[in-house]
Amino acid sequence: MSEQQYGTVVVTGANRGIGLEFARRLAPESRRLLACCRQPDEAEALLSLASANDSVEIVRLDVTSDADIDALAGALDGEPVDLLLNNAGIYGPRGRPPLDHAGWHEVLSVNTMAPLRVAGALLDNVAASDRRLVANVTSKMGSIGDNAGGGAYVYRSSKAALNAVMVSLARDTADRGVTVLLLHPGWVQTDMGGPNALIDVETSVSGMKAIIDRATTADSGCYFDYDGSRIPW
Ligand SMILES: NC(=O)c1ccc[n+]([C@@H]2O[C@H](COP(=O)([O-])OP(=O)(O)OC[C@H]3O[C@@H](n4cnc5c(N)ncnc54)[C@H](OP(=O)(O)O)[C@@H]3O)[C@@H](O)[C@H]2O)c1
């Protein structure tokens, strides 16, 4: 693919981990990259990226904040968005029932409700673009068919629900030519994945980005592993 294959791109949770690697990879390929994070003043890696790439703008976005989401949509002011990348996520409370219900609610808010809220707020921008892509970083832990190991009630339920709402969004936006993707990054060496994870962020993002780069409307509502294979629901 040529340089600058994307116009405007929005990445959530862009200050570290998988989101930061996506920002690094997309910066030279995007005309305008809105790298969203909760604490722009403390996002040192993003500040370095922005100083090396004119395309990068750092935007404050707590994905659970309606005010932040409204401000992002207002700043875009109808500008087409080729790619919305819903990446921000948390793991939340571990263990078996009885569960920490306040913690569970927070995980559902960040991992499930926020991606749909952001997508809803930017839907007209995405639908007005050339590429019309909404890519969601989900997890194989959200697969019910693949759940041989049990446990992880909170995280699994949040990603299974993310999959469910994004398949509905895929169906509901098909007539506007929007492509909604569900991408499992693998088990990745980040703060969330830990040092024993199987792959590095470069490998994970290379795989997911290749899926995004070649995505068509035929892929909308599909659940992909980072290597391009399909994951059972
Ligand atoms: N690593 C893995 O093995 C793995 C496997 C499957 C799926 N995933 C998914 O991949 C995505 C990225 O995970 P990661 O491994 O890169 O995790 P990470 O290193 O822990 O980074 C998480 C990112 O999400 C941001 N975030 C959390 N809550 C937020 C909020 N309320 N508003 C805005 N940003 C928020 C964090 O920002 P702060 O710095 O402000 O906290 C950070 O940028 C997540 O959706 C995760 O569920 C990861």
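These lines cover the structure that appears in this document, whether it is placed above or below. Note on numbering: residues in each chain are counted from 1, in written sequence order. For this predicted model, a pLDDT threshold of at least 70 governs which residues receive local features, and a threshold of 80 or more governs which side-chain atom pairs are given and counted, while totals over whole chains, interfaces and linings are taken from all residues.

### So, unusual backbone geometry
Here the bond from Pro97 into Pro98 is cis, since omega is 5°, no more than 30 degrees from zero. Its place among the elements puts Pro98 in the loop between β4 (83–86) and α4 (101–127). Not every positive phi belongs to a glycine, and Asp77 is a case in point at roughly 50°. Mapped onto the elements, Asp77 comes out in the loop between α3 (66–76) and β4. For the purposes of this entry, the term helix denotes a DSSP run of H or I that reaches at least four residues, the term strand denotes a run of E that reaches at least two, and both are numbered from the N terminus.

### Remarks on the pairing of strand β6 (residues 179–184)
Among the six residues that make up β6, six are buried, leaving the element largely enclosed by the rest of the structure. Counts of 20 or more other C-beta atoms within 10 Å of a residue's own C-beta define buried residues, counts of 12 or fewer define exposed ones, and intermediate counts define partly exposed ones; C-beta atoms are placed from the backbone. On β6, burial covers both faces: Thr179, Leu181 and Leu183 on one face and Val180, Leu182 and His184 on the other are all buried. Any two strands between which DSSP finds at least two bridges are classified as paired. Inspection of the sheet shows strand β5 (residues 133–137) paired to β6 by five bridges, in the parallel sense. Bridging across to β6, Val137 finds its partner in Leu183. Crossover handedness for the path β5 to helix α5 (residues 153–173) to β6: right-handed. Of the pairings in the sheet, the one linking β6 to strand β7 (residues 222–225) comprises four bridges and is parallel in character. Bridging from a neighbouring strand, His184 pairs with Asp225 of β7. Viewed along the sheet, the connection from β6 through helix α6 (residues 201–214) into β7 turns out left-handed. Here a crossover is taken to be right-handed if, once the strands point away from the viewer, the path from the first strand over the helix to the second is traced clockwise.

### With respect to the sheet that holds β5
Across the sheet, which stays open at both edges, the seven strands sit in the order β3-β2-β1-β4-β5-β6-β7 with parallel pairing between neighbours. Of all the strands in the sheet, just β3 (56–60) and β7 have a single pairing partner and so form its edges. Averaged over all pairs of adjacent strands, the angle between their axes in this sheet comes to 20°, without regard to strand direction. Each residue is represented by a C-beta atom placed from its backbone, and any two residues with such atoms within 7 Å are regarded as in contact. In this description, a line fitted to the C-alpha atoms serves as the axis of each element, helices being fitted only across the stretch in contact, and the angle between N-to-C directions of two axes falls anywhere from 0 to 180 degrees. Packing against the sheet, helix α2 (residues 44–52) makes contact with β2 (30–37) and β3, and its axis sits at approximately 145° to β3.

### A look at the pairing of β5
Summarising burial for β5: five of the five residues are buried, a large majority. Following the backbone out of β4, through α4 and into the adjacent parallel β5, one traces a crossover that is right-handed.

### A few points about the packing of helix α1 (residues 17–26) against α6
Across the interface, α1 lies against α6 with an axial gap of 9 Å and an inter-helix angle of 60°. Here the hand of the crossing between α1 and α6 comes out right-handed. Along the contact surface, α1 presents Gly17, Ile18, Glu21, Phe22 and Arg25, while α6 presents Val201, Glu202, Ser204, Val205 and Lys209. Polarity classes work like this: nonpolar for Ala, Val, Leu, Ile, Met, Phe, Trp, Tyr, Cys and Pro, charged for Asp, Glu, Lys and Arg, and polar for all others, with Gly in that last group. Partitioning the contact of α1 with α6 into residue classes produces four nonpolar, two polar and four charged. With the far helix as reference, a near helix turned anticlockwise by less than a right angle produces a left-handed crossing, and one turned clockwise produces a right-handed crossing.

Treat this as a map of the structure, not an account of what it does.
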